[in-house]
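# Close look at the chain arrangement
For reference, the chains in residue letters:
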Amino acid sequence: MFYLLTKPMEKIMGLDMYAFSVPASGAKGDFEMDNEFKKEISYWRKHNALHAWMEDLYRAKGGDAPSFNCIPVRLTEADLNKLISDAKAELLASQTGFFWGSQYDYDTECARQDIDFAYKALAEIAKGYAVYYDSWW
């Protein structure tokens, strides 16, 4: 099972996932942001279904690194609305991967948490910020 947390847990090897907002001036394209003024808006631990969804988004935006790790990806309004749609349809699927945690059922509770995150991120964008997803495993 994954964990949506408000404060990072003790660092143990595994998939740590973050969403950050940065001032619009700190957005440096789809895969880079200015770290100086970033603000954490969400943190997950081993939510590999969402990570896989984000990796698909990264690849769709032209990302080509062999490993989607420690690479921020900018989330637009369209991206977040697609996440809401996919989460409502429970289309995200748990994955396996080194340090990613075990597989789990992507259910209504998982979907609700992802939808809540997407609305939080949309609110940041409405305030004039850019939003990025990032991970480390």
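Everything numeric here is computed off the predicted structure, so don't read it as measured data. Within every chain, residues take consecutive numbers counted from 1 along the sequence as written. At least 70 in pLDDT is required for a residue's local features to be given in this predicted model, at least 80 for side-chain atom pairs to be given and counted, and no such filter applies to totals for whole chains, interfaces and linings, which use all residues. Calculated side-chain values reflect all of the structure's heavy atoms, with hydrogen atoms and water omitted.

## Things to note about the overall build of the protein chain
Inclusion rule: A run of H or I in DSSP becomes a helix once it reaches four residues, and a run of E becomes a strand once it reaches two; helices and strands are each numbered from the N terminus. Residue exposure (1.4 Å probe, protein chains only): buried if accessible area is under 20% of the type maximum, exposed if over 50%, otherwise partly exposed. Residue contacts follow a heavy-atom distance rule, with two residues in contact if any of their heavy atoms lie within 4.5 Å. Reported accessibility uses the Shrake-Rupley method at a 1.4 Å probe radius. Residues are deemed covered only where the shown protein chains occlude them.
Helix and strand content of the protein chain: three helices and five strands. Ordered by position from N to C terminus, the α and β elements of the protein chain give β-β-β-α-β-α-α-β. The proportion of buried residues among the 137 residues of the protein chain is 46%. In the protein chain, of all internal contacts separated by at least 6 residues, the share reaching a separation of at least 24 is 76%. Surface exposure of the protein chain reaches about 7000 Å², of which carbon and sulfur atoms provide 54%.

## Things to note about the packing of aromatic side chains
Our working rule: Any pair of Phe, Tyr and Trp rings, taking the six-membered ring for Trp, is counted once the centres come within 6.5 Å. Such a pair is stacked with planes under 30 degrees apart, edge-to-face with planes over 60 apart, and tilted for the rest. Either the NZ atom of lysine or the CZ atom of arginine qualifies as a charge over a ring when it sits within 6 Å of the ring centre and within 35 degrees of the ring normal.
With the rule as written, the count across this model stands at seven aromatic pairs. Ring centres 5.0 Å apart and planes at 70° place the aromatic pair Phe 31 and Tyr 58 in the edge-to-face group. In this pair, Phe 31 is assigned in the loop between β2 (16-23) and β3 (39-45) and Tyr 58 in helix α1 (residues 48-60), connecting sequence segments 27 residues apart. Seen in terms of ring centroids, Phe 68 and Tyr 133 are 6.2 Å apart; in terms of plane orientation they differ by 20°. Their pairing is stacked. Taken together, the positions of Phe 68 in the loop between α1 and β4 (73-75) and Tyr 133 in strand β5 (residues 129-136) put the pair 65 residues apart, joining distant regions of the chain. Exposure class is identical for Phe 68 and Tyr 133. Each is buried. Each member of the aromatic cluster is reached from another via a ring pair, and the members are Phe 31, Trp 44, Tyr 58, Phe 68, Phe 117 and Tyr 133. In this structure, Lys 38 is placed above the aromatic ring of Phe 20, and the distance from its NZ or CZ to the ring centre is 4.2 Å. Cation over ring: Lys 39 sits above Tyr 129, and NZ or CZ is 5.8 Å from the ring centre.

## Comments concerning the nonpolar core
Formally: What makes a nonpolar core is a set of buried Ala, Val, Leu, Ile, Met, Phe, Trp, Tyr and Cys residues whose side-chain atoms join them at distances within 4.5 Å.
Core analysis: the largest hydrophobic core is formed by 32 residues, its most contacted members being Met 54, Leu 75, Leu 80, Leu 92, Phe 117 and Tyr 133. Looking at this core, the element that brings in the most residues is helix α3 (residues 108-126), giving eight residues. In this structure, Phe 117 is in contact with Ala 19, Ile 41, Ser 42, Trp 44, Met 54, Leu 75, Leu 80 and Leu 83, ignoring residues within four places of it in sequence. By size, the runner-up hydrophobic cluster in this structure holds eight residues, among which are Tyr 18, Ala 27, Met 33 and Ala 130.

## Notes on unusual backbone geometry
A positive phi is found at Lys 46, a non-glycine position, where the angle reads about 60°. Looking at where Lys 46 falls in the secondary structure, it is placed in the loop between β3 and α1. Classification of Lys 46 by relative accessible area gives partly exposed; the value is 23%. A positive phi angle is found at Cys 70, which is not glycine, with a value near 60°. The residue Cys 70 is located in the loop between α1 and β4 in this model. In this structure Cys 70 comes out as partly exposed when scored by relative accessible area, which is 44%.

Keep in mind these values describe shape, not function.
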